[in-house]
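# Coordinate inspection notes
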Amino acid sequence: MTMWLATQGFETFGIDISPTAIEWAKRNAEVAGLRCEFTNGDILDYSNYPSDAVDMVLDGNVLHCIIGDDRAKLFQNVRRVLRTGGYFLVRSVLSPVDDKLPSQYRFDPTSLLLFHEDVAYRYIPTFEMLKSEVSDAGFNILGSELAYDLAVGRGFQYGMIEAST
Ligand SMILES: C[S@@+](CC[C@H](N)C(=O)[O-])C[C@H]1O[C@@H](n2cnc3c(N)ncnc32)[C@H](O)[C@@H]1O
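Okay, so let's go over this structure. Here the structure is a predicted model, which means the values were calculated and not measured.

This next bit is on the pattern of salt bridges. The tally for this structure, following the rule as stated, stands at 3 salt bridges. Its salt-bridge partner being arginine 83, residue aspartate 55 comes within 2.7 Å of it at the nearest N-O pair. Here arginine 83 lies in strand β4 (residues 82–94) and aspartate 55 lies in strand β3 (residues 54–58), a separation of 28 residues in the sequence. Its relative accessible area of 37% is what places arginine 83 among the partly exposed residues. The partner of arginine 71 in a salt bridge is glutamate 133, and the shortest N-O contact between them spans 2.7 Å. Of the two residues, arginine 71 sits in helix α3 (residues 70–81) while glutamate 133 sits in helix α4 (residues 127–136), which places them 62 residues apart along the sequence. Grouping residues by exposure puts arginine 71 and glutamate 133 together as buried.

This brings us to α3. Between its first and last C-alpha atoms α3 spans 17 Å; for 12 residues at 1.5 Å apiece the expected length is 16 Å, and the two agree. Among all positions in α3, only Arg71, Leu74, Phe75, Asn77, Val78 and Val81 are buried. Across the axial projection of α3, the buried residues extend over an arc of 160 degrees, all falling on one side. Those residues of α3 hidden inside the fold are in contact with β3, β4, β7 (119–123) and α4.

Calculation notes
- Residues numbered from 1 in each chain as written.
- Predicted model: local features only at pLDDT ≥ 70, side-chain atom pairs only at ≥ 80, totals over all residues.
- Heavy atoms only, no water.
- Salt bridge = Lys/Arg side-chain N within 4 Å of Asp/Glu carboxyl O.
- Helix = DSSP H or I, 4+ residues; strand = E, 2+ residues; numbered from the N terminus.
- Buried < 20%, exposed > 50% of the residue type's maximum accessible area, 1.4 Å probe, protein only.
- Expected span 1.5 Å × (residues − 1).
- Arc of directions from axis to C-beta.
- Contact = heavy atoms within 4.5 Å.

Next up, the structure:
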């Protein structure tokens with residue numbers, strides 16, 4: 001997504017907590033001859049980024065990795081770095097989760113947490129819950145779309161939300 005936006009003339013930068021992901025991204029951008037900035041960092045700590053600085057924050061399938069109180073922290077960080085009227089695009093896995101999960105995964109329908117080998121690693125709300133969460137965090141929801149992502153092969157639903165500050 002970062003690279004595609006760069007092809008459209010945007011100045012882009014991508015963040016991931018995984019150094020490996022950032023190495024891959026840098027290599028891909030170099031091979032494609034694109035100028036994108038990729039940084040190894042934690043999206044829960046945007047302290048290195050100035051306030052009111054960017055036009056759009058794109059969730060590259062990361063919000064569903066953020067669990068508990070950290071989610072409010074993330075929304076707060078996104079609002080801080082976005083310019084007034086800036087866009088926040090969310091792409092997140094959603095409940096209901098079907099029974100096609102491989103055996104090493106377990107979904108708890110009460111906490112809405114997905115466990116991988118007993119470690120909670122995804123929060124999977126319903127689409128309505130996610131929209132309320134984004135709206136309660138102070139964003140205006142401009143549009144939303146529910147989709148099945150068959151590429152994942154696990155029958156999750158995906159929700160896309162376009163919001164603004
Ligand atoms: C489902 S993968 C999506 C990868 C890629 N952005 C994409 O759309 O294909 C989730 C990514 O979020 C990253 N991630 C999880 N928690 C993070 C955090 N607190 N800060 C930055 N990246 C995080 C993981 O390292 C992983 O690469």
